[in-house]
Amino acid sequence: MPRRRAGKSAVAAAKPALVRVAREDHPISRSQLTKGTLNTLYGLKDAGYQAYVVGGGVRDLLAGKAPKDFDIATDARPEQVRKIFRSCRTIGRRFVICHVRWGREVSEVTTFRGALTAANARDDTGRILDDNDYGTLESDAFRRDFTVNALYYDIRDFAIVDYVGGLADMRAQVIRLIGDPETRYREDPVRMLRAVRIANKLRFEIESATAAAIAPLAHLLREIPPARLFDEVIKLLQSVDGVANLQGLHDYGLLKHLLPGVDAAFRDAQALAFINRALANTAERIGNEQSVNPAFLYAALLWPAVQKTFAQLVADELHPNVAIHQAADVVLAKVQPHVVIPKRFSVQMREIWMLQLRLEQMPRTARARRVLSHPRFRAAYDFLLLRVAIGELPQALGNAWTRAHHQHVATVDVSGDGVETDDAADDFPAESVDEVTSAPRKRRRRGGRNRRRSAPPAAE
Ligand code: ATP
Ligand code: MG
């Protein structure tokens, strides 16, 4: 009876046999973990608790990639974790996470989650609202999103524990949701974004049922708090895989619910070229361990939309200086219901856009060159160069500003009261730098307000 057999195998696929791979049969070694991670694992173990590395840390090590961080799972309750580590702080209300600090390093520790039941409150789209139950290693494994994210490295004997078929999926190079895709996406629609991001990071395929459920449920992203989506967009696009992630978001029908104004760029070759150039530029900076700023990235993503609105307003005979502000208002107001951009970033984005009007003029007059002293000049100039790179503006304009900028920097250097660095993020206030991709920061001194202006105009 083919039907019944199909039913049986579906059950079997949902709950594969527990696999335990001994230390000598897998490639992960303790030396690949950070010091803080080891301290936390041994602190928990020595206090008599279970302690595992789980998630991206195990997954990325198995895939031969450098993990971003090592998440730790334990049977110790948050209050018990707090008793072991004096530096422990708890965060989160719905589900408590412990942050254990070791110098500059922070270990994130979560207590095993319990199985979800019909009793857990959900909203009418299926999204989980209450999530407070603790459980066992096994229940925790089934609460995770993808099979490859539910592999546990046991600090007791260095074995890898797999309840969900994650090791087989690592070998097959597929991203597969644990359980029924529709239910799991409804519980937390951000998993759709995570599927795209993790597949591109590992160069894995999204398994067919996991992939097929995305487009019909993409609209559920609208239920997610817009502040959470700001962070998710940054993880996707401020990344070495930014170009592939943007394409993936579009292909799966996610982008139109996330950033409709950016999705529109897929119908306009020049707009898409500009955004992809900005993403590639960001990826290159991350690759070179240079810092990157969310304001620059968001300014680039929304630039084509700003330009379009600006052109309409100018055609309606608004003065360009007024039109650029109004265009920024319109575009930012359209984004906020989907993705909330914190004010400290939107202020910088407006400045970058506004300065484009001034940088579209050749730096011929002293008045035009005044922009060189603007605190946001460096970012706006980098932005201008992206526009030049895609052929939106003439190369001669970019060259002229490059010369003017170099002259200005040399003048400031000679005067000895300030040193510019080559780092675009230096134009951003310190608070935003905490949120950029961490990278060693160059030492710099800031010139005061009275920095000398640049000498004669740059020749073209
Ligand atoms: P990376 O750290 O490279 O971004 P990651 O998979 O480790 O990837 P984290 O956000 O650090 O991502 O999450 C750690 C682990 O927590 C995941 O691997 C997964 O097991 C679990 N997890 C994270 N987000 C979800 C979610 N939305 N639903 C279910 N499990 C999740
Ligand atoms: Mg992680």
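Note that the coordinates shown come from a computational prediction; the quantities given were computed from them, not determined experimentally.

For ligand 1, the set of nearby residues contains 15 residues, the closest of which are R59, K68, D188, R191 and R197. Contacts to ligand 1 include D145, whose backbone N or O atom sits 3.2 Å from a nitrogen atom. Interatomic distance of 2.8 Å between a side-chain N/O atom of R191 and a nitrogen atom of ligand 1. Protein coverage of the free-state accessible area of ligand 1, which is 590 Å², stands at 84%. Of all elements in the fold, only α3 (56-62) and α8 (190-202) reach the threshold of two or more residues within the shell around ligand 1.

This part is about the confidence of the model for the chain. When the pLDDT values of the chain are averaged, the result is 88; 86% of them are 70 or greater. Counting contacts from residues 1-12, a segment whose pLDDT is below 50, to residues more than four positions away or on other chains yields 0 contacts. In the predicted structure, residues 418-460 sits below a pLDDT of 50 and forms 111 contacts with residues beyond four places in sequence or in another chain.

The next thing to look at is the coordination of the magnesium ion (ligand 2). Bound to the magnesium ion (ligand 2) on the protein side are D69 (OD) and D71 (OD), at distances that span 2.2 to 2.6 Å. On the accessibility criterion, D71 (24% relative accessible area) is partly exposed.

For an α-helix, 3.6 residues make a turn, and residues three or four places apart therefore share a direction. Compared with the 18 Å implied by 1.5 Å per residue over 13 residues, the 18 Å span of helix α20 (residues 377-389) between its first and last C-alpha is a close match. Burial analysis of α20 places 11 of its 13 residues in the buried class, which makes it a mostly covered element. Every buried residue of α20 is listed here: F377, R378, A379, A380, Y381, D382, F383, L384, L386, R387 and V388. A positive phi of about 85° marks G391, the residue just after α20.

Using the criterion set out here, one finds 12 aromatic pairs in the structure. Where F85 meets W102, the ring centres are 5.8 Å apart and the plane angle is 80°; that geometry is what we call edge-to-face. On the criterion of sequence distance, the pair formed by F85 in the loop between α4 (78-84) and β4 (88-91) and W102 in strand β5 (residues 97-102) is long-range, its members being 17 residues apart. On the numbers, 5.8 Å between centres and 65° between planes, the contact of F95 with Y134 is edge-to-face. With F95 in the loop between β4 and β5 and Y134 in the loop between β6 (105-111) and α5 (137-143), this pair connects stretches of sequence that are 39 residues apart. One aromatic cluster is present, built from ring pairs that chain together F274, F296, W303 and F383. Residue placement shows R113 over the ring face of F95; its charged tip is 3.7 Å from the ring centre.

We now examine the pairing of β5. Examined bridge by bridge, β4 and β5 share 4 bridges and lie antiparallel to one another. By the bridge assignment, T90 is partnered in β5 with C98. Note: β5 against β6, 6 bridges, orientation antiparallel. Across the sheet, the residue bridging to R101 is V106, located in β6. The antiparallel hairpin formed by β5 and β6 contains 2 residues in its connecting segment, where G103 sits at a positive phi of about 60°.

Our next topic: the side chain of R191. On the secondary structure map, R191 appears in helix α8. The exposure class assigned to R191 is buried, which follows from its relative accessible area of 9%. With residues near it in sequence (within four places) discarded, R191 still touches R143, D145, F146, L177, R184 and Y185.

This next bit is on the packing of helix α16 (residues 294-315) against α20. Running from amino to carboxyl end, α16 crosses α20 at an angle of 55°, the nearest separation of the two axes being 11 Å. Taken as axis vectors, α16 and α20 run oblique relative to one another. In terms of crossing hand, the pair formed by α16 and α20 is right-handed. Side by side, α16 and α20 meet where F296, A299, A300, W303 and Q307 of the first sit next to A379, D382, F383, L386 and R387 of the second. Tallied by class, the residues present in the contact of α16 with α20 amount to 7 nonpolar, 1 polar and 2 charged.

What counts and how
Residues numbered from 1 in each chain as written. Chains lettered and ligands numbered in written order. Predicted model: local features only at pLDDT ≥ 70, side-chain atom pairs only at ≥ 80, totals over all residues. Heavy atoms only, no water. Near = heavy atom within 4 Å. Polar contact = N/O pair within 3.5 Å; in protein donor to acceptor, adjacent residues only side chain to side chain. Areas by Shrake-Rupley, 256 points an atom, 1.4 Å probe, with all protein chains shown as cover. Helix = DSSP H or I, 4+ residues; strand = E, 2+ residues; numbered from the N terminus. pLDDT = per-residue confidence, 0-100. Contact = heavy atoms within 4.5 Å. Donors = N, O, S within 2.8 Å, 3.2 Å for Na, K, Ca; no water. Buried < 20%, exposed > 50% of the residue type's maximum accessible area, 1.4 Å probe, protein only. Expected span 1.5 Å × (residues − 1). Phe/Tyr/Trp six-rings, centres within 6.5 Å; stacked < 30°, edge-to-face > 60°. Lys NZ or Arg CZ within 6 Å of the ring centre and 35° of its normal. Pairing = 2+ DSSP bridges. Axes fitted to C-alpha atoms, helices over the stretch in contact; angles between N-to-C directions. Parallel < 35°, antiparallel > 145°, perpendicular 65-115°, else oblique. Left-handed = near helix turned anticlockwise from the far one by under 90°. Nonpolar A, V, L, I, M, F, W, Y, C, P; charged D, E, K, R; others polar.

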